[in-house]
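# Examination of the molecular architecture
The lines below spell out each chain.
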Amino acid sequence: MKIIKRIWMVALATMLVGVLIVGCAPAAQPTPTATTQAPSPTPTVVPTPATIKIGLSLATLQEERWVRDLDRITQECKDRGIELLSQVANMDAAKQQQ
């Protein structure tokens, strides 16, 4: 009985090691054939300016940096034909999350 149990344990351990070795081996790379084509580059889809809309929520305009940033972002969006939706929360977190 002990011998059969030991044989089973050795067989299971051997199978486990075999599964681990096969499972951890690097995946086989497909070999190129005459029918294999190189992947074509995917075209970049640029939405029309009428479909682009950007939302900007600022905590405050009490600092010069935020005023300057808002002016620059507004001008850039206008130059590119992008609709900018901006709001200033005046340090009100609930308003900023709306």
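In this text the structure is predicted, and so the values were computed from the model without any measurement.

How each quantity is defined
- Residues numbered from 1 in each chain as written.
- Predicted model: local features only at pLDDT ≥ 70, side-chain atom pairs only at ≥ 80, totals over all residues.
- Heavy atoms only, no water.
- Helix = DSSP H or I, 4+ residues; strand = E, 2+ residues; numbered from the N terminus.
- Expected span 1.5 Å × (residues − 1).
- Buried < 20%, exposed > 50% of the residue type's maximum accessible area, 1.4 Å probe, protein only.
- Arc of directions from axis to C-beta.
- Salt bridge = Lys/Arg side-chain N within 4 Å of Asp/Glu carboxyl O.

## Here's the deal with helix α2 (residues 64-80)
- Along its 17 residues, α2 runs 24 Å from first to last C-alpha, staying within 8% of the 24 Å computed at 1.5 Å per residue.
- The set of residues buried in α2 consists of Asp69, Leu70 and Cys77. The arc that holds every buried residue of α2, seen down its axis, measures 100°, which confines them to one face. Away from the buried face of α2 by more than 90 degrees, exposed residues Glu64, Arg72, Lys78 and Asp79 are located.
- Gly81 occupies a position one or two residues after α2 and carries a positive phi of about 75°.

## Some remarks on the pattern of salt bridges
- Throughout the structure, instances matching the rule amount to three salt bridges.
- Linking Arg68 and Glu64 is a salt bridge whose minimum nitrogen-to-oxygen distance equals 3.4 Å. Here Arg68 and its partner Glu64 are both found in helix α2, four residues apart, which amounts to about one turn of the helix.
- You can call Arg68 partly exposed: its relative accessible area is 34%.
- With a shortest N-O distance of 3.5 Å, Arg65 and Asp69 are connected by a salt bridge. Here the residue Arg65 and the residue Asp69 both occupy positions in helix α2, the gap between them amounting to four residues, near one helical turn.

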